[in-house]
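Report on the structure
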Amino acid sequence: MTIPTSSSISVAQARVAVLGAGKMGGILLQAFLKQNILRPDQIVATVAHEDRALALSAQWGVEVTTDNLAAAKQANVILLGVKPFQIAGLMEEIRPALDGTKLLVSFAASVKTAAIEEAAGMALPVIRTMPNTPSMLGAGISALCSGKNVLPEHLQLASALFEAVGRTVVVDEKHMDAVTGLSASGPAYIYIILEALAEAGVKVGLPRDIATLLAAQTTLGAAKMVLDTGYHPALLKDAVTTPAGCTIDGILELEEGGLRVTLIKAVMRATQRARELAAG
Ligand SMILES: NC(=O)C1=CN([C@@H]2O[C@H](COP(=O)(O)OP(=O)(O)OC[C@H]3O[C@@H](n4cnc5c(N)ncnc54)[C@H](O)[C@@H]3O)[C@@H](O)[C@H]2O)C=CC1
Ligand SMILES: O=C(O)[C@@H]1CCC=N1
């Protein structure tokens, strides 16, 4: 079967292999299907174990295998979704399927486009992305950056896939580890904040389900205010904070507790770790 090369295809003609369809790959794959960006016959996925492949194939309604090489052979867009330290081994496995026309899109943290190009042993387009788990609901954000052989058409194709699961930003590759520490790890920080706010609600007497709803919808609403109004968060905070009111007392506690410094340090630490991950 001849398959169109990645620089000449539209999303409708893409044959996508998701190699390493774990938590993030599975979320992307299911979101591509749910958002009708890809049909089931356009997707093949791989996982490490045969029994899991069978179960996921039945669950997702797409071909799932443990054979990375066979999956890569039938695809013109290959998503690399294994753990960062496994990328080199995966590239070794699929190298015979690569011919310089296939588009590689890695969403592994830490691994540079140059490392993937080198492992491929040929000039081929490599795009690095960093999505996050809210992609499951079409509410993700993915940053994309291009390797040296990427044409505008390749970036357009990859952007179209990731726009289907949320917003996208194109960044210089030097920012990818910072993106990882902020928006890819970020949902975990927000869940902790949400959980803590809900606990706080319980402490001041609210039923847990109501406290969780209040915390989650408040987080969603505040984020939407920042995104939709374009106002600086400080301005929006000031509008909540009545002089001598109650909010300023809450803010005093947050500042004393060092919330800002803690969050800054969290992103710094995660970014630092993202710089190291590819080494294993
Ligand atoms: N979980 C997240 O929120 C995000 C994860 N990532 C990146 O996604 C990648 C995967 O992370 P997770 O999905 O969290 O981990 P995971 O462990 O859920 O997924 C890894 C998948 O790779 C499969 N796998 C392992 N060896 C394989 C092999 N040789 N051939 C085929 N499949 C193989 C496993 O079966 C598993 O399904 C990582 O590189 C991570 O940096 C990127 C952004 C966000
Ligand atoms: O924790 C991790 O390493 C992955 C990458 C960013 C989010 N999860």
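Remember, it's a predicted structure, so these values are computed and weren't measured experimentally. (Residues numbered from 1 in each chain as written. Chains lettered and ligands numbered in written order. Predicted model: local features only at pLDDT ≥ 70, side-chain atom pairs only at ≥ 80, totals over all residues. Heavy atoms only, no water.)

1. Points about the site of ligand 1
To keep it simple, the criterion reads: Proximity criterion: a residue is near a molecule or strand once any of its heavy atoms comes within 4 Å of it. Polar contacts, as used here, are pairs of N or O atoms within 3.5 Å; protein pairs need one atom able to donate a hydrogen and one able to accept it. Residues neighboring in sequence count only if both atoms are side-chain atoms. Values of accessible area rely on a 1.4 Å probe in the Shrake-Rupley scheme; residue burial ignores everything except the protein chains shown. Put simply, Ala, Val, Leu, Ile, Met, Phe, Trp, Tyr, Cys and Pro go in the nonpolar bin, Asp, Glu, Lys and Arg in the charged bin, and everything else, Gly too, in the polar bin.
In the vicinity of ligand 1 lie 20 residues, with K23, M24, N68, V82 and A109 positioned nearest. Within the backbone of K23, one N or O atom sits 2.8 Å away from an oxygen atom of ligand 1. Separating an oxygen atom of ligand 1 from a backbone N or O atom of A48 is a distance of 3.0 Å. Relative to its unbound accessible surface of 820 Å², ligand 1 loses 79% to contact with the protein. Per-class residue counts for the shell around ligand 1 are 11 nonpolar, seven polar and two charged.

2. Digging into the UniProt feature "binding site: NADP(+)" (unreviewed entry) in the protein
Operational definition: UniProt positions are given in the numbering used here, feature names are shortened, and annotations may be inferred rather than shown by experiment. Numbering goes from the N terminus for both helices and strands, where a helix is a DSSP run of H or I of at least four residues and a strand is a run of E of at least two. Residue burial is assigned from relative accessible area. The probe radius is 1.4 Å, only protein chains are included, and a residue is buried under 20% of its type maximum, exposed over 50%, and partly exposed in between. Between two residues, a contact is recorded if the distance between any of their heavy atoms is within 4.5 Å.
Following the UniProt record, the feature "binding site: NADP(+)" (unreviewed entry) maps to L19, G20, A21, G22, K23 and M24 here. Inspection of the secondary structure assignment puts G20 in the loop between β1 (16–19) and α1 (23–34). The exposure class assigned to G20 is buried, which follows from its relative accessible area of 13%. Not counting the four nearest positions on each side in its chain, G20 is found in contact with G25, T46, G81 and V82.

3. Some points on helix α8 (residues 186–203)
Going by this rule: In this scheme, a helix's expected span is set at 1.5 Å multiplied by one less than its residue total.
Across its 18 residues, α8 extends 26 Å between first and last C-alpha, which sits within 8% of the 26 Å expected from 1.5 Å per residue. Among the residues of α8, G186, P187, Y189, L194, A198 and G201 are the ones counted as buried. Buried-residue contacts for α8 involve α7 (176–184), α9 (208–229) and α12 (259–276). Looking one or two places after α8, you find G205, whose phi comes out positive at around 105 degrees.

4. Some details on the sheet that holds strand β8 (residues 166–170)
Short version of the rule: The pairing criterion is simple: DSSP has to find at least two bridges between the two strands. Here an axis means a line fitted to C-alpha atoms, over the contact stretch when the element is a helix, while the angle between two N-to-C directions is reported on a 0 to 180 degree scale.
The strand order across the open sheet built from eight strands is β3-β2-β1-β4-β5-β6-β7-β8, with neighbouring strands paired in mixed fashion. The open sheet has two edge strands with one neighbour each: β3 (63–65) and β8. On average, adjacent strands in this sheet sit at an angle of 20 degrees to one another, irrespective of strand direction. Sheet topology note: the strand β5 (residues 103–106)/strand β6 (residues 126–130) ladder contains three bridges and is parallel. Among the inter-strand pairings, L104 is bridged to a residue of β6, identified as V126.

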